[in-house]
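# Coordinate analysis (summary)
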Amino acid sequence: MAEQTSYQLPELPYDFKALEPVISAEIMELHYTKHHKGYVTNLNTALEKYHEAESKNDVAQMIALQSAIKFNGGGHINHSIFWTILTPISKGGGGTPKGELAKMIERDFGSFESFKEKFTAQTGAIQGSGWGWLGYNKGQKQLAIATCSNQDPLSTQGLVPLLGIDVWEHAYYLQYKNVRADYVKAIWQIFHWKNIEERFHKAMGS
């Protein structure tokens, strides 16, 4: 049973201070060691309870645990992506995408600047907590901007996640206070387009 539920906190690909000045070391440490770790711990706990209920054919309990699995599982999935699509400015963060992804962004949004403007506006306007995403629709073979509430993963909308911005207050409040728009605008400086392009090619090929 332990093997079924032993999700782990992924290793950060950089130091806590590496994304400064865009994201402070204090935010990164709290975000990673408290919030993401909490999702992993709570996911494992919920899954252990789920497997126990399943072994007892306790369908009511299995249903009752779905929301905890969705919330904490989504938090783990979303943050595991988030850390990898960011990189320090000194290591190539920022700029614009290249190759096929750049061409598809131009095709589906008119231009990179138009995409950036739409994405920033929609993500900044999320009510409460949630995420803004650029996703790939395999069936339609096109890109889409989408927003998700709380920790709902983008897969719930039938899209493969390529790029996401966490707009929960824990992601920015210590540094940007209540000015979410400044955080969303600044984070473009540390997007790891090489990683995002790799996600895109994997989504296209799968």
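Presented here is an overview of the structure given in this document.

### Side note on unusual backbone geometry
Of note, the bond from E20 into P21 is cis; its omega dihedral lies within 30 degrees of zero at 5°. Even without being a glycine, K141 presents a positive backbone phi close to 55°. Looking at the secondary structure, you find K141 in the loop between β1 (130-137) and β2 (142-149). At N150, a position not held by glycine, the phi torsion is positive, near 55°. Within the secondary structure, N150 is located in the loop between β2 and β3 (160-166). Judged by relative accessible area, N150 falls into the partly exposed class, the value being 37%.

### Points about helix α9 (residues 193-205)
Between its terminal C-alpha atoms α9 stretches 18 Å, which fits the 18 Å expected from 13 residues at 1.5 Å a residue. Along α9, the residues classified as buried are W193, N195, I196, E197, F200 and A203. Of the surrounding elements, those touching the buried residues of α9 are α4 (66-84), α5 (99-109), α6 (112-124), β1, β2 and β3.

Parameters and conventions
- Residues numbered from 1 in each chain as written.
- Predicted model: local features only at pLDDT ≥ 70, side-chain atom pairs only at ≥ 80, totals over all residues.
- Heavy atoms only, no water.
- Helix = DSSP H or I, 4+ residues; strand = E, 2+ residues; numbered from the N terminus.
- Buried < 20%, exposed > 50% of the residue type's maximum accessible area, 1.4 Å probe, protein only.
- Expected span 1.5 Å × (residues − 1).
- Contact = heavy atoms within 4.5 Å.

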